[in-house]
Amino acid sequence: MLNLTKHERKVYDLIQQYPEILTDRDVRGNIAVQNGMTEKTLRNRIGELRRFGLVTKDGPSNGSATQTDEYENILLLWKRRKFITKNVIWVGLASVIISLFLPKWYASQAVILSSGAGRFSLISAFADLPLNEFGFSPVNEDITSFISILDSRSMKEQMVEKFNLIERYGSRDVEYAMKELEGNTELRVTDEGALAITLMDREPEVSQQMVQAMLSQLDFINRRLSREQGKYNRQFIEERLKQTKIDIMKAEEELKLFQQQTGVVDILAQVTAQLEAYGQLYSQKVAAHGGVYSQELQAYTELYAQRAGTEIQLNVAKSTLSQNNPTIRQLTILLKEQNRQLETLAEQLDSELGVMLQDVDERLGSVGFNDGSAPIWITLSDFPALAMQSARFIREVEVQSKLLEILVPQYEQARMEESKNIPTLQVIDEPKVPLNKEKPKRIFIVLGAVFMAAIFSSGYVLVEYHTRDLRKRLGSV
């Protein structure tokens, strides 16, 4: 049920008890007198209930509370339409007058790109892809750096000091002036990856001058940062280059000392040539001894084959005959004798071979350096260690040489980066003196004020009506 007043509730109850008061004037007059009111007052109360939809000509309405509330609110707003309309008109007129007296703000804009076309960034690798269709903007690292510089405190303080923005904006101090400047500045990255800088002021010429000053300061700060970065980079590469030169000199000295002490320059070529010479001398030595060594070697080979046959016969006899069989004893004695003879022949062959090798070594080892510091002959037992040392020394020299080849161009490039002083911005659109104001948008101000006036006036009417009993109760306390 509705939030009815005390008197409306009383009349509504009377209608429920005496429905005839809706149509019979005499009955309505008698009921009114009995309840301390006149017939006219009762008739007016019944009329109000009919307008709210609570009463029909047949008696009280049976509609839902929600629908009745809606009807009541609509009827109430319609009843107070003059009040609402008057408020909307007055507020609209006031907003028009106020908007006419608001100061005009003019906006000047510049669009810039980075001149660092040679730099590589992760986003630039996808420059050919349609990133805009996926909601991405091809913003490179330089544009991001520009935005950071423009949002920096140093930039804002420069602008506040140069244009005396504390007095111009009527700010209390530098902090408030910088906040005002931030509110009047817009930094926007376009779909193509450019940076649009927009700045507003009450005077068109000043807005253009402020944008131009911001561009100049941005270029100055960006150049300084680039030079500092180049300086640090150059210092680092220079220190590394010095250390590399020291390391390569040390590696070369160690390789030189190793070659002087061991006579090893190119160990693989030396060993290959040495083995060829060794083979030639060995063949000559064997030929000089005649056929003695060959006959002894042939006798050793034949006796070795006979011993192999004796071992086979002995193993077969042990498998087929008893342990006391004479054949097994004869084969055992024969095998021992053959082993003894083989040992004797082996000693003779090793002795003769040693003499031959010693002679070859003496002949090869007699060749040395002019200063007699070390022979060029490399023994096979020393080959692995010498080869490993030589490979390490040569590898160290090659590594340091490669580092030197890499660092020298980088060092020269860092020196050029440090010393260059070229513009770092590409201005696509120079800031111009604006012809038309940017704000205030008077039409939006007026429409917004009218809309809010209608909302607040309607709310006031509804609240005032539905809180009548509460206000009466509070007033009677």
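The following paragraphs examine the structure supplied in this document. Everything numeric here is computed off the predicted structure, so don't read it as measured data.

## Here's the deal with the overall build of the protein
Item 1. For the protein, the count of helices and strands is 16 helices and six strands.
Item 2. By residue count, 30% of the 477 residues in the protein fall in the buried class.
Item 3. Taking the intrachain contacts of the protein between residues at least 6 apart in sequence as the baseline, contacts between residues at least 24 apart amount to 76%.
Item 4. As presented, the protein carries roughly 31,100 Å² of accessible surface, and 56% of it is formed by carbon and sulfur atoms.

## With respect to unusual backbone geometry
Peptide bonds are, in most cases, trans, and in most cases residues other than glycine have a negative phi.
Item 1. A positive phi angle, near 50 degrees, is found at Asn164, a position not held by glycine.
Item 2. Assignment of secondary structure puts Asn164 in the loop between helix H7 (153–162) and helix H8 (165–169).

## Considerations on helix H2 (residues 25–34)
Item 1. The complete set of buried residues in H2 reads Arg28, Gly29, Ile31 and Ala32. All buried residues of H2 fall inside an arc of 170 degrees around its axis, so they share one side. Exposed residues lying more than 90 degrees from the buried face of H2 are Asp26, Val33 and Gln34.
Item 2. One or two residues past the end of H2 sits Gly36, with phi positive at roughly 75 degrees.

## Some details on the pairing of strand E3 (residues 106–114)
Item 1. In terms of burial, E3 is a largely internal element, seven of the nine residues being buried.
Item 2. Here E3 pairs with strand E5 (residues 195–201) via seven bridges, running antiparallel. By the bridge assignment for E5, Ala107 is matched with Met200.
Item 3. In terms of strand pairing, E3 meets strand E6 (residues 425–429) through four bridges, oriented antiparallel. Bridging from a neighbouring strand, Val111 pairs with Asp429 of E6.

## Observations concerning the pattern of salt bridges
Item 1. Under the defined criterion, the tally for this structure stands at twelve salt bridges.
Item 2. With a shortest N-O distance of 2.7 Å, Asp201 and Arg168 are connected by a salt bridge. Taken together, the residues span a long stretch of sequence, with Asp201 in strand E5 and Arg168 in helix H8 at a distance of 33 residues.
Item 3. Take Asp201: its relative accessible area is 1%, and that puts it in the buried class.

## Describing the packing of H7 against helix H9 (residues 174–183)
Item 1. Taken N-terminus to C-terminus, the directions of H7 and H9 make an angle of 100 degrees; their axes are 10 Å apart at the nearest point. If you check the angle between H7 and H9, you find them roughly perpendicular. Of H9, the residues touching H7 (which contributes Arg153, Lys156, Glu157, Met159 and Val160) are Glu175, Ala177, Met178, Leu181 and Glu182.
Item 2. Its residues assigned to classes, the contact of H7 with H9 comprises five nonpolar, no polar and five charged.

## Here we look at the nonpolar core
Item 1. With 30 residues, the main nonpolar core has Ile112, Met155, Met159, Leu165, Met210 and Leu218 as its most contacted residues.
Item 2. For this core, the element with the highest residue contribution is helix H10 (residues 204–262), accounting for eight residues.
Item 3. Leu22, Ile31, Ala32 and Leu42 belong to the second largest nonpolar core, which has twelve residues in total.

## As for the packing of aromatic side chains
Item 1. Overall, the coordinates contain one aromatic pair when judged by the stated rule.
Item 2. Over the face of the ring belonging to Phe83 we find Arg80, whose NZ or CZ atom lies 5.1 Å from the ring centre.
Item 3. Stacked on the ring of Trp105, the Lys or Arg Lys439 has its end atom at 5.2 Å from the ring centre.

## So, helix H6 (residues 141–150)
Item 1. Asp142, Ile143, Phe146, Ile149 and Leu150 are the residues of H6 that are buried. Along the axis of H6, the buried positions cluster into a sector of 120 degrees, meaning they face one direction only.

## Things to note about the side chain of Ser108
Item 1. When you line up the elements, Ser108 lands in strand E3.
Item 2. Assessed through its relative accessible area of 1%, Ser108 is described here as buried.
Item 3. Once you skip the residues sitting within four places of it in the chain, Ser108 turns out to touch Ile197, Thr198, Leu199, Ser207, Gln208, Val211, Pro431, Lys432 and Pro434.

## Quick look at the environment of Val96
Item 1. Tracing the chain through its elements places Val96 in helix H5 (residues 81–101).
Item 2. On a C-alpha basis, the gap between Val96 and Ile445 in space is 7.9 Å, while along the polypeptide they are 349 residues apart.

## Considerations on the packing of H7 against H10
Item 1. Direction vectors running N to C along H7 and H10 enclose 140 degrees, while the axes themselves pass 11 Å from each other. In terms of orientation, H7 lies oblique with respect to H10. Crossing hand, H7 versus H10: right-handed. Residues Ser154, Met155, Gln158, Met159 and Lys162 of H7 lie in contact with H10, whose contacting residues are Met210, Ala213, Met214, Gln217, Leu218 and Ile221.
Item 2. Of the residues contributing to the contact of H7 with H10, the split by class is seven nonpolar, three polar and one charged.

## As for the sheet that holds E6
Item 1. Spatially, E4-E5-E3-E6 is the arrangement adopted by the four strands of the open sheet, whose pairing is antiparallel. Looking at the sheet topology across the chains shown, the edges are occupied by strand E4 (185–189) and E6. Taken over all neighbouring pairs, the strand axes of this sheet differ in orientation by 30 degrees on average, direction set aside.
Item 2. On the sheet, H10 packs against E3, E4, E5 and E6 and is oriented at approximately 140 degrees with respect to E5.

Here is what the cut-offs are and how they apply
- Residues numbered from 1 in each chain as written.
- Predicted model: local features only at pLDDT ≥ 70, side-chain atom pairs only at ≥ 80, totals over all residues.
- Heavy atoms only, no water.
- Helix = DSSP H or I, 4+ residues; strand = E, 2+ residues; numbered from the N terminus.
- Buried < 20%, exposed > 50% of the residue type's maximum accessible area, 1.4 Å probe, protein only.
- Contact = heavy atoms within 4.5 Å.
- Areas by Shrake-Rupley, 256 points an atom, 1.4 Å probe, with all protein chains shown as cover.
- Arc of directions from axis to C-beta.
- Pairing = 2+ DSSP bridges.
- Salt bridge = Lys/Arg side-chain N within 4 Å of Asp/Glu carboxyl O.
- Axes fitted to C-alpha atoms, helices over the stretch in contact; angles between N-to-C directions.
- Parallel < 35°, antiparallel > 145°, perpendicular 65-115°, else oblique.
- Nonpolar A, V, L, I, M, F, W, Y, C, P; charged D, E, K, R; others polar.
- Core = buried A, V, L, I, M, F, W, Y, C linked by side-chain atoms within 4.5 Å.
- Phe/Tyr/Trp six-rings, centres within 6.5 Å; stacked < 30°, edge-to-face > 60°.
- Lys NZ or Arg CZ within 6 Å of the ring centre and 35° of its normal.
- Left-handed = near helix turned anticlockwise from the far one by under 90°.

As far as function goes, none of this settles anything; it's purely spatial.
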